[in-house]
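What follows is the residue order along each chain.
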Amino acid sequence: MKILVGFAAGGSADQTARLLADQLRVQLNRPVLVENRTGAGGRLAVEAAKAAKPDGDTLVFVPHGAMTLFQHIYRNLRYDPAVDFAPISRVATFDFAVATGPATPAKSLADYLNWARDPANRASFGSPGPGTVPHFIGQALAERAKLRLTHVPYRGAAPSLVDLIGGAVSLVIAPLADMVEHHKAGKLRVLATTGSRRSAVLGSIPTLKEAGVDLVVDGWYGLYAPAAVPADALAALARAVQGAAPALAQPLARSALVASASTPQELAQLQKSEAAFWSQLVTSSGFKPEE
């Protein structure tokens, strides 16, 4: 069995997929390999999975945006998330975080929003790139807080955090896992997390909703197969992911992720509801579809 991942080795998606593959080898009693197909923001791996023989031997491991957001931001997306793939299971959930640095004196999200309302401060927020989930979280944050935040896109989370720590940008929104160690070292200050509950890693930090901003975004990774894979094979794969979840809990927690296996039906419903959520958010942001 082969699990395609659209991101480079060593990143969060790759590491999580490899942990999953290790456990699926045990659950299925067969070899399970991870193959990195990088490029186009993870879309190349999804396209390759769509084209694969639907025998259950080629799967794709994706962050939620590939199945819920991309159809709203790319004109020529070469796959239909709702038609071309069969959900197997959600694998893990994670938080995005909103953080500031030495460019501001803010110790809380309310402090930052008050600071940002002064036009002299020229408030901006950095994200891992245009059309990413953090980009739209920032847009929604500004809209709900009724203030203007200029978007500064970067090529990934790492360079945005370099500028945040250096004081070149006043706010960054990115996966919490990329920020935890910098926060603990005092190089930046996580002001809020985006999930439906507080992070187990930084339990003293409020969610956006607790901080007064009506916005909830839970990040997740899911496992999918080509749409025509037989139902019995999908069911067996789903049981295997569910069986792997207890062994995944501790290693995932070290990377600020939570093991959270689901049924195929639960993942399908989650995908459907979040696709509607992102459709509304992208439309209200005024973002123009790319490509």
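Residues numbered from 1 in each chain as written. Predicted model: local features only at pLDDT ≥ 70, side-chain atom pairs only at ≥ 80, totals over all residues. Heavy atoms only, no water.

Engineer: Which parts of the structure should I look at to understand the overall build of the protein chain?
Structural biologist: Scanning the protein chain from N- to C-terminus turns up 9 helices and 11 strands. In terms of overall size, the protein chain behaves like a compact globule, its C-alpha atoms giving a radius of gyration of 19 Å where 291 residues would be expected to give roughly 19 Å. Based on the C-alpha atoms only, the size of the protein chain along its principal axes is roughly 60 × 40 × 30 Å. The buried share of the protein chain, reckoned over its 291 residues, is 51%. Contacts in the protein chain between residues at least 24 apart in sequence constitute 74% of all its contacts with a sequence separation of at least 6. (Helix = DSSP H or I, 4+ residues; strand = E, 2+ residues; numbered from the N terminus. Rg over C-alpha atoms; globule rule 2.2 N^0.38 Å. Buried < 20%, exposed > 50% of the residue type's maximum accessible area, 1.4 Å probe, protein only. Contact = heavy atoms within 4.5 Å.)

Engineer: Please explain the sheet that holds strand S10 (residues 219-226) as it appears in this structure.
Structural biologist: Strand pairing in a sheet takes place through backbone hydrogen bonds and is either antiparallel or parallel in direction. Strand order in the open sheet formed by 6 strands is S2-S1-S3-S10-S4-S11, with mixed pairing between adjacent strands. Since the sheet does not close on itself, it has two edges, and those belong to strand S2 (33-36) and strand S11 (257-259), each with one partner. Put simply, the sheet's adjacent strands are angled 30° from each other on average, direction ignored. The sheet strands contacting helix H1 (residues 12-28) are strand S1 (2-5), S2, strand S3 (58-63), strand S4 (85-94), S10 and S11, and the helix crosses S2 at an angle near 160°. In the packing of helix H8 (residues 231-253) onto the sheet, the strands contacted are S3, S4, S10 and S11, and the crossing angle to S4 comes to about 10°. (Pairing = 2+ DSSP bridges. Axes fitted to C-alpha atoms, helices over the stretch in contact; angles between N-to-C directions.)

Engineer: Even after reading the chapter, I still don't get the packing of helix H5 (residues 133-145) against helix H9 (residues 264-285), so can you show me in this structure?
Structural biologist: Two quantities define a packed helix pair, namely the angle between the axes and the distance from one axis to the other. Contact geometry of H5 with H9 gives a least axis separation of 10 Å together with a crossing angle of 65°. It follows from the interaxial angle that H5 and H9 lie roughly perpendicular. Relative to H9, H5 is oriented so that their crossing is left-handed. Contact with H5, carried on its side by Val133, Phe136, Gln139, Ala140, Glu143 and Arg144, involves Trp278, Leu281, Val282, Ser284 and Ser285 of H9 and no other residues of that element. Residues belonging to the contact of H5 with H9 are distributed by class as follows: 6 nonpolar, 3 polar and 2 charged. (Parallel < 35°, antiparallel > 145°, perpendicular 65-115°, else oblique. Left-handed = near helix turned anticlockwise from the far one by under 90°. Nonpolar A, V, L, I, M, F, W, Y, C, P; charged D, E, K, R; others polar.)

Engineer: Is there a simple way to explain the packing of H1 against H8 in this structure?
Structural biologist: One way to put it is that H1 packs onto H8 with a least axis distance of 8 Å and a crossing angle of 125°. Relative to H8, the element H1 is oriented oblique. Relative to H8, the crossing made by H1 is right-handed. Mapping the contact onto sequence places Thr16, Leu19, Leu20, Gln23, Leu24, Gln27 and Leu28 in H1 and Ala236, Leu237, Ala240, Val241, Gly243, Ala244, Ala247, Leu248, Pro251 and Leu252 in H8. A per-class count over the contact of H1 with H8 returns 13 nonpolar, 4 polar and no charged.

Engineer: Help me out: how do you make sense of the packing of aromatic side chains in this one?
Structural biologist: To describe a pair of aromatic rings, one takes the distance between the centres and the angle between the planes. All chains considered together, the criterion is met by 8 aromatic pairs. Ring centres of Phe70 and Tyr74 lie 5.3 Å apart, and the angle between their planes is 90°; this geometry places the pair in the edge-to-face category. There is no split in this pair, since Phe70 and Tyr74 are both buried. Relative to Phe96, the ring of Phe94 has its centre 5.2 Å away and its plane inclined at 65°; by these criteria the two rings are edge-to-face. For Phe94, a relative accessible area of 11% translates into the label buried. In textbook terms, an aromatic cluster arises when at least three aromatic residues are bridged by ring pairs, as seen for Phe61, Phe94, Phe96 and Tyr221. It is Arg43 that lies over the ring of Tyr74; its NZ or CZ is 3.8 Å from the centre. (Phe/Tyr/Trp six-rings, centres within 6.5 Å; stacked < 30°, edge-to-face > 60°. Lys NZ or Arg CZ within 6 Å of the ring centre and 35° of its normal.)

Engineer: What's the story with the pairing of strand S9 (residues 189-193) in this structure? I'm lost.
Structural biologist: Looking along a regular strand, one sees side chains alternate from face to face of the sheet. The buried count for S9 comes to 4 of 5 residues, which makes it a mostly enclosed element. With 4 bridges connecting them, strand S5 (residues 96-100) and S9 associate as antiparallel partners. Among the inter-strand pairings, Val98 is bridged to a residue of S9, identified as Ala192.

Engineer: Please clarify how the pattern of salt bridges should be interpreted in this entry.
Structural biologist: Side chains bearing opposite charge may pair, as long as their charged atoms lie close to each other. In total, this model carries 9 salt bridges according to the counting rule given. One salt bridge in this structure joins Glu35 and Arg37, with 2.5 Å as the shortest N-O distance. Take Arg37: its relative accessible area is 33%, and that puts it in the partly exposed class. A salt bridge links Lys50 to Asp84; the nearest nitrogen and oxygen atoms lie 3.6 Å apart. Of this pair, Lys50 sits in helix H2 (residues 43-51) while Asp84 sits in the loop between helix H3 (65-68) and S4, and the two are 34 residues apart along the sequence. Among the residues examined, Asp84 registers a relative accessible area of 18% and is labelled buried. The network of salt bridges with common partners includes Lys2, Glu35 and Arg37. (Salt bridge = Lys/Arg side-chain N within 4 Å of Asp/Glu carboxyl O.)

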